[in-house]
Amino acid sequence: MKLFFYSILFSSILCACGDNQSKEGDKLFKQGKYEAAIQQYDAYLEYNPEDLTSVYNQGRAYEELGEIEKALENYERAIEIDPKHANSLLSIGKYHFREKNYADASFYFSKASEIIQSNPQVFFLKGRAHHKLGETQEAMEAYDQAISKNGDYGEAYLYRGALKVYQGKKSAGCGDIRVAQSLNVPEAEEALNEYCN
């Protein structure tokens, strides 16, 4: 009976310690001490490998250190745990966009947009991926959705405007680009000079 009691006591101590390691990892991440944060997450995940938040946060720490492949492993692991983990889907989508794998980026952004429908950035990024693929109708719809969720999303106005100009709708496109300029989007001035004079 004593052995059973001590084993339960020991396991509860381990769990409490693990929780502290996860919290310490979060604290170190906020302080910009990413290597130390990763070590804390490693210690915690050894006993709690299915903890979605710590798996994802460790990925973010790797990404901050520029260790993108390791970050990607964490994000993919998070999706194995929960296929609807929107932040991981979004992070993988951003990775593919940076790598110019626009079809893969579009896939992950689309999945993320189904889950976090109130986030304008997800729709903007989805629009950018479609835009890069030459899928103008899908890009336009995504930019429209980003703007409907945040009327001050300057970049969405800029790229929607450029797309309209490309489609031969110069007046409407230049109107969007002027809105982007009024929202202090740096590239808007150049776009106005190029397309709207």
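Right above here is the structure, for reference.
A few points on the structure.

Rules behind the numbers
Residues numbered from 1 in each chain as written. Predicted model: local features only at pLDDT ≥ 70, side-chain atom pairs only at ≥ 80, totals over all residues. Heavy atoms only, no water. Salt bridge = Lys/Arg side-chain N within 4 Å of Asp/Glu carboxyl O. Buried < 20%, exposed > 50% of the residue type's maximum accessible area, 1.4 Å probe, protein only. Helix = DSSP H or I, 4+ residues; strand = E, 2+ residues; numbered from the N terminus. Contact = heavy atoms within 4.5 Å. Polar contact = N/O pair within 3.5 Å; in protein donor to acceptor, adjacent residues only side chain to side chain. Core = buried A, V, L, I, M, F, W, Y, C linked by side-chain atoms within 4.5 Å.

Describing the pattern of salt bridges
Counting across every chain of the model gives seven salt bridges. Glu67 serves as the salt-bridge partner of Lys70, at 3.3 Å between the closest nitrogen and oxygen. Here Lys70 falls in the partly exposed class, since its relative accessible area comes to 40%. When the shortest N-O distance is used, the salt bridge between Arg160 and Asp144 registers 2.8 Å. One end of the pair, Arg160, is in helix H9 (residues 154–166); the other, Asp144, is in helix H8 (residues 136–149), with 16 residues separating them in the sequence. Among the charged side chains, a network of salt bridges with common partners joins Asp144, Arg160, Lys164 and Asp176.

Things to note about the environment of Arg160
Look at Arg160 and you get buried, because its relative accessible area is 12%. With 20 residues separating them in the primary sequence, Arg160 and Ala180 have C-alpha atoms 9.9 Å apart. Beyond its immediate chain neighbours, meaning those up to four positions away, Arg160 contacts Met140, Tyr143, Asp144, Ile147 and Asp176. Among the polar contacts made by the side chain of Arg160, one reaches the side chain of Asp144 at a distance of 2.8 Å.

Let's talk about the nonpolar core
Burial of nonpolar side chains together is a common tendency in soluble globular proteins. In this structure, Phe124, Leu158 and Ile177 are the most contacted members of the largest nonpolar core, which totals 50 residues. If you tally residues by element for this core, the top one is helix H2 (residues 34–47), at six residues. Here Leu158 is in contact with Ile177, Ala180, Val185, Glu187, Ala188 and Ala191, once residues within four sequence places are set aside.

A look at the side chain of Lys164
Examined against the element boundaries, Lys164 turns out to sit in helix H9. Residue Lys164 is classed as buried on the basis of its relative accessible area of 16%. Once you skip the residues sitting within four places of it in the chain, Lys164 turns out to touch Met140, Lys169, Lys170, Ala172, Gly173 and Asp176.

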